[in-house]
Amino acid sequence: MYTAHPGRYADMPFRRSGRSGLRLPALSLGLWHNFGPDRTAETQRAILRRAFDLGITHFDLANNYGPPPGAAESALGGFLKSDFAPYRDELIISTKAGYLMWPGPYGEWGSRKSLLSSLDQSLGRLGLDYVDVFYSHRFDPDTPLEETMGALHSAVQQGKALYVGVSNYSAEQTREAARILAELGTPLLIHQPRYSMLDRRPEEEGLLDALDELRVGSIAYSPLEQGLLTGRYLDGIPEDSRAASDSPFLNRDAVTAELVSRLRALNDIAASRGQSLAQLALAWVLRGGRVTSALVGASSARQLEDSVAALGGLDFDAEELARIDAVVRP
């Protein structure tokens with residue numbers, strides 16, 4: 001029987017999500033890649049337990065996470081029942097719908113039919129009556145935004161979600177989504193964009209400015225850029241790495257000699273701060289408090305511990321930020 005560490009809230013900083021009453025841990029655990037059948041149940045359980053013991057109270061999913069799709073929700077559902085049932089009210093469980101999940105016209109995108117059907121399926125796999133946050137995973141160009149946001153509102157009205165969010169929406173799409181939701185009476189809680197030292201689009205395209213204006217929270221996914229910012233690629237492509245696999249998210253062609261040179265330069269900056277490259281990358285995303293939380297994946301409890309150690313060094317001086325910009329924006 002699992003008993004959570006009594007000091008789990010001692011060191012984890014929590015940040016308020018926008019103007020809501022909800023506070024999220026500075027690091028959240030993403031179950032994107034490591035909670036399918038290719039990971040043993042023992043490894044998955046160890047990661048989840050260690051995360052919670054370290055104060056990571058937010059577990060982030062989507063309907064299609066695994067692989068295969070649905071596997072991550074099913075795996076977490078089992079652990080919620082066996083390990084975390086006494087702690088349900090301490091946990092934030094989020095899930096999403098919008099990417100391909102099942103065949104036919106209702107298995108993806110943002111129709112009311114698709115979103116609410118998907119949420120019911122997710123709740124079944126998780127073994128829960130409600131999730132804390134339900135997201136529209138991507139903007140649907142062919143469905144009126146009023147319909148998509150109306151479905152999120154209905155999820156709250158039905159008691160199947162406490163809060164709602166969007167992911168992969170542009171600044172203008174986010175502004176319009178927030179307006180519609182405000183009129184319906186269900187505020188937009190949070191936006192989940194891809195954001196890292198190597199992917200500055202939320203800054204460059206005005207998304208972070210829009211979230212500041214709207215007072216909406218943000219949670220960055222891929223802050224380690226699919227593993228590129230973990231230090232694994234400082235000497236090229238390891239044979240057991242994601243870039244060496246058939247992953248659709250990172251391939252060999254992306255790991256150029258120029259990129260490796262930049263990664264080595266960033267690693268030197270990290271070393272000068274007493275951090276690993278991964279810790280530098282996480283600290284950079286969380287600098288200044290503009291981002292509510294950063295999503296990290298983990299293939300082991302030890303990797304998770306290394307990520308949490310980044311929280312001890314979130315401050316940057318102007319010279320350090322300038323050095324980083326000189327590397328990634330030459």
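As the structure is a prediction and not an experimental result, all values here were calculated from the model.

(A) Up close: the overall build of the protein chain. Check the secondary structure of the protein chain and you find eleven helices and ten strands. Expected size for 330 residues packed as a compact globule is a radius of gyration near 20 Å; at 19 Å, the protein chain falls within 12% of this value. A principal-axis box enclosing the C-alpha atoms of the protein chain has dimensions of 50 × 50 × 40 Å. By the burial criterion, 54% of the 330 residues in the protein chain qualify as buried. Once local pairs closer than 6 in sequence are excluded, the contacts in the protein chain between residues at least 24 apart make up 76%. Accessible surface for the protein chain amounts to roughly 14100 Å². Of this, 49% is attributable to carbon and sulfur atoms. Mean positive and mean negative side-chain charge positions of the protein chain (34 and 42 charges, respectively) differ by 3 Å.

(B) Region of the structure containing the packing of aromatic side chains. Evaluated as defined, the whole model comprises ten aromatic pairs. Seen in terms of ring centroids, Phe139 and Tyr169 are 5.6 Å apart; in terms of plane orientation they differ by 85°. Their pairing is edge-to-face. Taken together, the residues Phe139 in the loop between β6 (131–136) and α4 (145–157) and Tyr169 in the loop between β7 (161–167) and α5 (171–184) connect sequence positions 30 residues apart. For Tyr169, a relative accessible area of 3% gives the class buried. One residue, Lys96, lies across the ring of Tyr135, its end atom 5.5 Å from the ring centre.

(C) Representation of the environment of Glu183. Along the polypeptide, Glu183 turns up in helix α5. Judged by its relative accessible area of 62%, Glu183 falls in the exposed class. The spatial distance from the C-alpha of Glu183 to the C-alpha of Asp306 is 43 Å, given a sequence separation of 123 residues. In this structure the side chain of Glu183 is engaged in a polar contact, spanning 2.8 Å, whose partner is the side chain of Arg179.

(D) Up close: the packing of helix α2 (residues 71–82) against helix α3 (residues 112–126). At a closest axis distance of 7 Å, the pairing of α2 and α3 adopts a crossing angle of 45°. On the basis of their axis angle, the class for α2 and α3 is oblique. From α2, Glu73, Ser74, Leu76, Gly77 and Leu80 reach across to α3, where they touch Ser122, Arg125 and Leu126.

(E) Summary view of the side chain of Gln226. Relative to the helices and strands, Gln226 resides in the loop between β9 (217–220) and α8 (257–272). Owing to a relative accessible area of 7%, Gln226 belongs among the buried residues under this scheme. Polar contacts involving the side chain of Gln226 include one to the side chain of Ser222, which spans 3.2 Å.

(F) Main features of the sheet that holds strand β3 (residues 27–30). Here eight strands make up a closed barrel; going around it, the order is β3-β4-β5-β6-β7-β8-β9-β10 and the pairing parallel. Averaged over neighbouring strand pairs, the angle between their axes works out to 30° when direction is ignored. As judged from the five bridges shared by β6 and β7, these two strands associate in the parallel manner. Paired with Val131 across the strands is Ala161, a residue of β7.

Rules and cut-offs
- Residues numbered from 1 in each chain as written.
- Predicted model: local features only at pLDDT ≥ 70, side-chain atom pairs only at ≥ 80, totals over all residues.
- Heavy atoms only, no water.
- Helix = DSSP H or I, 4+ residues; strand = E, 2+ residues; numbered from the N terminus.
- Rg over C-alpha atoms; globule rule 2.2 N^0.38 Å.
- Buried < 20%, exposed > 50% of the residue type's maximum accessible area, 1.4 Å probe, protein only.
- Contact = heavy atoms within 4.5 Å.
- Areas by Shrake-Rupley, 256 points an atom, 1.4 Å probe, with all protein chains shown as cover.
- Lys, Arg positive; Asp, Glu negative; His and termini not counted.
- Charge placed at Lys NZ, Arg CZ, Asp CG, Glu CD.
- Phe/Tyr/Trp six-rings, centres within 6.5 Å; stacked < 30°, edge-to-face > 60°.
- Lys NZ or Arg CZ within 6 Å of the ring centre and 35° of its normal.
- Polar contact = N/O pair within 3.5 Å; in protein donor to acceptor, adjacent residues only side chain to side chain.
- Axes fitted to C-alpha atoms, helices over the stretch in contact; angles between N-to-C directions.
- Parallel < 35°, antiparallel > 145°, perpendicular 65-115°, else oblique.
- Pairing = 2+ DSSP bridges.

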